[in-house]
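Residue-level listing of the chains:
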Amino acid sequence: MHKTIAELADGREIIYYDADANASRATPDPRPLESRIDRPELRRDPATGDWVAIAAHRQSRTYHPPSDECPLCPSRDGRFSEIPASDYEVAVFENRFPSLAGGAGRCEVVCFTSDHDAGFADLGEDRARLVLDAWTDRTRQLSAMTGIEQVYCFENRGAEIGVTLAHPHGQIYAFPFATPRTAKMMAAADAHRATTGNNLFEDLLAEARATPERLVLAGDHWTAFVPYAARWPYEVHLYPHRRVGDLTRLNDPERAEFPSLYLELLRRFDRLFIEQGKSSQTRPTPYIAAWHQAPATGGSELALHLELFTVRRTAGKLKFLAGAESGMDAFVNDVIPEDAARRLREAGP
């Protein structure tokens, strides 16, 4: 992996990742951008103890631009974007409209390819590996920054999820605190250790591997399964067999196997509803892919894993977070987890 670090016109950092060590991407940014004025603010809810980011400046962020004005495509033919280079493989840059910034964390955008019309599932294994290497490098660099407690790499795909830019990309949030979901998992892991003497996530993986009804895919180093109490209609967790805390601790065989399994998993999600034979499903499956990584402190029991889920429950219906979920954080799933796993197995090649 070859890294080129450059600066955008307003002082934000941009990093190009290339498989070719001879790639040259240090193109100046000619745009007349003013220096950034980040105004996100963290406030703590006294009723729950949860942190909330107040980021009113995001109201003016780019919203569903036409494809010829995409800010994530390379700069070409006199049209300048967030990517000054005329081409790229993987590019990471500081978000122009961050939810977290300054002393309250950092937000980055990860562009998986310069091809506007592709998706992650369309990438080859070499490019998927390069994205994994970029996630890993950013996890290492951001974790070392003063005040950063947890690094969260994720992808939102599809307008149904709320994506405002169609170009294939993900994001990385460097939080100055452990997120509420992570805090719950840490508490559950600590309780499991106290009760059983075992690691919770190792036991969850072992149970899933012993339950064929919930298995989706398995390799020598990774297993994908539907969790016993899945919250979303189609939800899959992808675990390395060896428990590690974050992406930086994966070894070479684990890194080598990940691209093929993950790409197949994404392709099965895309085939899931098309195979129902309903012509109304013409767009790829919307999804969220979320890496769970241990925070800097108190997370020794946590295990790195990727959570992939869709808000689509049938070809023409979405799972909305209504009163129980949004008001009480009490999920109701419309699909039996074992049925979801069976359908994902059947969506294989």
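Criteria and cut-off values
Within each chain, residue numbers correspond to sequence positions counted from 1 in written order. In view of the model being predicted, local features appear only for residues whose pLDDT reaches at least 70, and side-chain atom pairs are presented and counted only at 80 or more, with totals across whole chains, interfaces and linings using the full set of residues. Excluded from the side-chain calculation are hydrogens and water; included are all heavy atoms of the structure. The helix count covers DSSP runs of H or I at least four residues long, the strand count covers runs of E at least two residues long, and both are numbered beginning at the N terminus. Think of it in three bands: residues with accessible area under 20% of the maximum for their type are buried, residues over 50% are exposed, and the middle band is partly exposed, with areas taken using a 1.4 Å probe on protein chains only. Throughout, a contact is declared for two residues whenever any of their heavy atoms are within 4.5 Å. N or O atoms within 3.5 Å of each other form a polar contact, as long as, within protein, one can give a hydrogen and the other can take it, and as long as residues adjacent in sequence are counted only when both atoms are side-chain atoms. A helix is expected to span 1.5 Å multiplied by its residue count minus one. The rule for pairing is simple: two strands pair if DSSP sees at least two bridges between them. Note on definitions: angles span 0 to 180 degrees between N-to-C directions of axes, and those axes are lines fitted to C-alpha atoms, for helices only across the stretch in contact.

Colleague: For the environment of T223, give the residues involved together with the corresponding values.
Modeller: Relative to the helices and strands, T223 resides in strand β10 (residues 222-225). Since its relative accessible area comes to 0%, T223 is described here as buried. Note: C-alpha distance between T223 and R58 (165 residues apart in sequence) is 38 Å. What T223 contacts, discounting residues up to four positions off in sequence, is L205, R209, L215, L217, A218, H237, L238, Y239 and H241. A distance of 2.7 Å separates a polar atom in the side chain of T223 from a polar atom in the side chain of H241.

Colleague: So what about helix α1 (residues 125-143)? Which residues, and what values?
Modeller: The end-to-end C-alpha distance of α1, which contains 19 residues, comes to 27 Å, matching closely the 27 Å that a straight helix rising 1.5 Å per residue would cover. Those residues of α1 lying buried are A128, L130, V131, L132, D133, A134, W135, T136, D137, R138, T139 and L142.

Colleague: Explain the sheet that holds strand β2 (residues 13-18) residue by residue, including any values.
Modeller: With antiparallel pairing, 11 strands are arranged side by side in an open sheet as β1-β2-β5-β6-β8-β7-β12-β13-β11-β10-β9. Each edge of the open sheet is held by one strand with a lone partner, namely β1 (2-7) and β9 (215-218). Sheet twist, expressed as the average angle between the axes of neighbouring strands with direction ignored, equals 20°. Bridge analysis of strand β5 (residues 90-94) against strand β6 (residues 106-111) gives four bridges, and the strand direction is antiparallel.

These figures come from the coordinates and say nothing about function on their own.
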